[in-house]
Amino acid sequence: MSEQTESTADSSVFSRSDTDEASEAERTRGLIDPVALGAWMDDQGIGDQGEPVTSRFISGGASNEIFEICRGEYRWALRRPPRKVPDGRNETMMREFRILSALADTDVPHARAAGGTDDTSVIGAAFYLMDFVDGWSPISEPGWPEPFASNMEARPALAYELVDAIARLSKVDWQANGLEGLGRPDGFHERQVDRWYAHLDRFKFRDIPGLDTAGDWLRGRTPRSYTPGIMHGDYQFANVMFHHGAPARMAAVVDWEMGTVGDPLLDLAWVVMNWPEDEASRPSVGYVDYEGLPFRDDLLERYATMSGRDVDEIDYYVILARFKLAIVLEGGYARFVAGGADNPRMEAFGRVVLDLARDAAALAQATKL
């Protein structure tokens, strides 16, 4: 299957505590062999030849671990699978590396790819190195950092930068940039329901109320117009980084493990599927504070203007996004229940899956499409 089957997860359940940091240090111990990595970097001509390599754990999600790698005057971010490497994850690493390499010289904010390998003998799994981004991510902050915490006039640009990045991504010529064969854009929508049900069948262990309602609605429905493009696949505030200070400027889109060539409007749906439509619908909890941010229709208009794509059928994409994400996260929850997950926070996916399926069914029953 060409589209990816894992996600970094619903990041609203991934806030960190001191206890988390201690357990993460133990969980990631030994995942980087500095000597072996340094030898590989020498062979690739990366960094100061012969200089010692040091590593520091930065963050980890349900499916990947990220380390800061330093050598001489240089530093990079290294991305690799967890200790228990899920099936297909090594291949996903190389997929991410390919996408980042293809984005070189485009206006899409990203970290430059420095090198990668599928040789698991180096550090025990496939990995890649990318430039270290000096910035901040909403998922790693307890709230909006200054000046966005106190200056409401500066906040809207955070949301517009979020949407602008995928609008730019949707306009990249994926064929000219070497991504032919990355996905299967022909028939993308026609196979989505069966493709994700087939994935669910690999680990299904419980009923998910509402999922079939959404699946039945989606089956046979395709957008009136569809222009293939690069899509991130798990696009949200948790998977971007901003430069420090105002005005808001995106530094990089990160975590490309679900990247493919498909319908970029699904990325837009990922952003807006839980975005407030008005003041009354602003969520009171979550990993970002929506106060002061523009409303959903403002983002839809911004994306349409920037990308040139029609957003009139966004309900279809939101239902598909919720349907797909529910199944993706159910895979992580199933691994947790079976005792095969490194990250104990994946337990929270169980509740998130049920919420997503319920909301997908509700929109399928209410939409006028």
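Remember, it's a predicted structure, so these values are computed and weren't measured experimentally.

Q: Explain the sheet that holds strand S4 (residues 113-117) here, please?
A: Read across the sheet, 5 strands follow the order S1-S2-S3-S5-S4 without closing on themselves; strand pairing throughout is antiparallel. Lying at the two open borders of the sheet, with one neighbouring strand each, are strand S1 (53-60) and S4. Shown here is a sheet whose adjacent strand axes are inclined to one another by a mean of 25°, direction ignored. Most of the contacts of helix H2 (residues 34-44) go to strand S2 (residues 65-71), to which it runs at about 65°, and overall it touches S1, S2, strand S3 (74-80), S4 and strand S5 (127-131).

Q: I tried to follow helix H4 (residues 156-170) on my own but got confused; where do I start?
A: Along an α-helix, residues three or four apart share an orientation, since each turn contains 3.6 residues. The terminal C-alpha atoms of H4, which comprises 15 residues, lie 22 Å apart, in line with the 21 Å expected from a rise of 1.5 Å per residue. Of all 15 residues making up H4, 11 are buried, and the element is well covered by its neighbours. Along H4, the positions that sit buried rather than exposed are Leu158, Ala159, Glu161, Leu162, Val163, Asp164, Ala165, Ile166, Ala167, Leu169 and Ser170. Close packing links the buried residues of H4 with strand S6 (229-231), strand S7 (240-242), strand S8 (250-253), helix H7 (265-272) and helix H8 (296-307).

Q: Explain the confidence of the model for the protein chain to me, please; I cannot follow it from the model alone.
A: Note that predicted coordinates carrying low pLDDT should not be read in detail. Taken residue by residue, the protein chain gives an average pLDDT of 91. The fraction at 70 or more is 93%. This stretch, residues 1-19, has a pLDDT under 50; its non-local contacts, to residues over four places away or in other chains, come to 77 contacts.

Q: What am I meant to see in a negative patch on the surface here?
A: A surface patch of like charges, here negative, comprises Glu277, Asp278, Asp297, Asp298 and Glu301. The topology assignment puts Glu301 in helix H8.

Q: In this structure, what is going on with helix H10 (residues 349-366)? I would like to understand it.
A: Over its 18 residues, H10 runs 26 Å from end to end, which matches the ideal 26 Å to within 8%, given 1.5 Å per residue. If you follow the buried residues of H10, they end up packed against helix H6 (211-218) and helix H9 (314-337).

Q: Looking at this structure, how should I read the packing of H9 against H10?
A: Helix-helix packing is characterised by the crossing angle of the two axes and by the distance between the axes. At a minimum axis distance of 8 Å, the contact between H9 and H10 shows a crossing angle of 160°. Taken as axis vectors, H9 and H10 run roughly antiparallel relative to one another. Read as a crossing pair, H9 and H10 show a hand that is left-handed. Note on element contacts: H10 touches H9 through Phe349, Gly350, Val352, Val353, Leu356, Ala357, Asp359, Ala360, Leu363 and Ala364, opposite Asp315, Val318, Ile319, Arg322, Phe323, Leu325, Ala326, Leu329, Glu330, Gly332 and Tyr333. Along the lines of polarity and charge, the residues of the contact of H9 with H10 split into 15 nonpolar, 2 polar and 4 charged.

Each value, and the rule that gives it
Residues numbered from 1 in each chain as written. Predicted model: local features only at pLDDT ≥ 70, side-chain atom pairs only at ≥ 80, totals over all residues. Heavy atoms only, no water. Pairing = 2+ DSSP bridges. Helix = DSSP H or I, 4+ residues; strand = E, 2+ residues; numbered from the N terminus. Axes fitted to C-alpha atoms, helices over the stretch in contact; angles between N-to-C directions. Contact = heavy atoms within 4.5 Å. Expected span 1.5 Å × (residues − 1). Buried < 20%, exposed > 50% of the residue type's maximum accessible area, 1.4 Å probe, protein only. pLDDT = per-residue confidence, 0-100. Patch = residues over 30% accessible without salt bridge, like charges linked within 9 Å, V, L, I, M, F, W, Y side chains within 5 Å. Areas by Shrake-Rupley, 256 points an atom, 1.4 Å probe, with all protein chains shown as cover. Salt bridge = Lys/Arg side-chain N within 4 Å of Asp/Glu carboxyl O. Lys, Arg positive; Asp, Glu negative; His and termini not counted. Charge placed at Lys NZ, Arg CZ, Asp CG, Glu CD. Parallel < 35°, antiparallel > 145°, perpendicular 65-115°, else oblique. Left-handed = near helix turned anticlockwise from the far one by under 90°. Nonpolar A, V, L, I, M, F, W, Y, C, P; charged D, E, K, R; others polar.

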